[in-house]
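Structural characterization, general
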Amino acid sequence: MMLHLAILVLSIGGFHLLALARSKITARRQKVLFCLAWLLLLVALTLSVSYWRLGPGLALWTGYLSAGAGTVFLLRLILARFGLEVK
């Protein structure tokens, strides 16, 4: 159960960092955020594949990627609606 939560949190964190990397920031900070985001997503992939093996691990990781992307998208949409946009 904790591994599921860890993979979901890493996916949400990775997508949040990717979203922040798209904002108006310096090129150096953008590269750092982009690399950290992909590092989090790769750690989530490694955890998933190492515990459930290749087939089920990739399937679960893809599901958590979808859940993470949807969560970040909806939270940023809600925050923008109320004028609390993350910068």
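The notes below deal with the structure included here. Computed from a predicted model, the values in this text were never measured in an experiment.

1. Concerning the packing of helix α1 (residues 2-21) against helix α3 (residues 54-81)
Contact geometry for α1 and α3: axes closest at 8 Å, N-to-C directions at 50 degrees. Our classification of the angle between α1 and α3 gives oblique. Of the two possible hands of crossing, α1 and α3 adopt the one that is right-handed. The residues of α3 that touch α1, namely those facing H4, I7, L8, S11, I12, F15, H16, A19 and L20, are Y64, L65, A67, G68, A69, T71, V72 and R76. Considered class by class, the residues forming the contact of α1 with α3 number 11 nonpolar, five polar and one charged.

2. Concerning the packing of aromatic side chains
Aromatic rings in a pair are described by how distant their centres are and how their planes are angled relative to each other. Under the counting rule described, the total for this entry stands at two aromatic pairs. For the pair F34 and W38, a centre-to-centre distance of 6.4 Å together with 65 degrees between the ring planes defines the contact as edge-to-face. Of this pair, F34 and W38 both sit in helix α2 (residues 27-52), separated by four residues, roughly a single helical turn. Look at Y51 and W52: their rings are 5.0 Å apart centre to centre, the planes differ by 90 degrees, and that puts the pair in the edge-to-face class. Looking at Y51, the relative accessible area reads 57%, which means it is exposed. For W52, a relative accessible area of 18% corresponds to the buried category.

3. A closer look at α2
Its 26 residues give α2 an end-to-end C-alpha distance of 38 Å, which sits within 8% of 38 Å, the value for a rise of 1.5 Å per residue. What α2 keeps buried is the set L33, A37, L41, A44, L45, S48 and W52. Buried positions along α2 lie against α1 and α3. In the stretch just after α2, R53 is the one whose phi turns positive, near 70 degrees.

4. Structural notes on the nonpolar core
Grouped together as the largest cluster of nonpolar side chains are 15 residues, with contacts concentrated most on I7, L17, L33, A44 and W61. Only α1, α2 and α3 provide two or more residues apiece to this core. If we ignore the near neighbours within four places in the chain, the residues touching W61 are L41, A44, L45 and S48.

5. Considering the side chain of S48
Its location among the elements puts S48 in helix α2. Apart from the residues within four sequence positions on either side, S48 is in contact with I7, R53, G57, L60 and W61.

Rules of the game
Residue positions are given per chain, counted from 1 along the sequence in the order it is written. Local features are withheld for residues below a pLDDT of 70 in this predicted model, meaning they are given only at 70 or higher, and side-chain atom pairs are given and counted only at 80 or more; totals for whole chains, interfaces and linings count all residues. The side-chain quantities take in all heavy atoms of the structure and omit both hydrogens and water. Every axis corresponds to a line fitted to the C-alpha atoms, with the helix fit spanning only the stretch in contact, and the corresponding angles, defined between N-to-C directions, vary from 0 to 180 degrees. By the criteria applied, helices consist of DSSP H or I runs no shorter than four residues and strands consist of E runs no shorter than two, each listed in order from the N terminus. The cut-offs work like this: below 35 degrees is roughly parallel, past 145 is roughly antiparallel, 65 to 115 is roughly perpendicular, and the gaps in between are oblique. Rotating anticlockwise by less than a right angle from the far helix to the near helix defines a left-handed crossing, while the corresponding clockwise rotation defines a right-handed one. We call two residues in contact whenever any of their non-hydrogen atoms come within 4.5 Å of each other. We call Asp, Glu, Lys and Arg charged. Ala, Val, Leu, Ile, Met, Phe, Trp, Tyr, Cys and Pro are nonpolar, and the rest, Gly among them, are polar. Aromatic contacts are taken between Phe, Tyr and Trp rings whose centres are within 6.5 Å, Trp giving its six-membered ring; a plane angle under 30 degrees counts as stacked, one over 60 as edge-to-face, and the others as tilted. Throughout, exposure labels follow a simple rule: accessible area from a 1.4 Å probe, protein chains only, divided by the maximum for the residue type, with under 20% read as buried, over 50% as exposed, and the rest as partly exposed. Here a helix's expected span is defined as the number of its residues, less one, multiplied by 1.5 Å. As used here, the term nonpolar core means buried Ala, Val, Leu, Ile, Met, Phe, Trp, Tyr and Cys residues forming a set that is joined through side-chain atoms within 4.5 Å.

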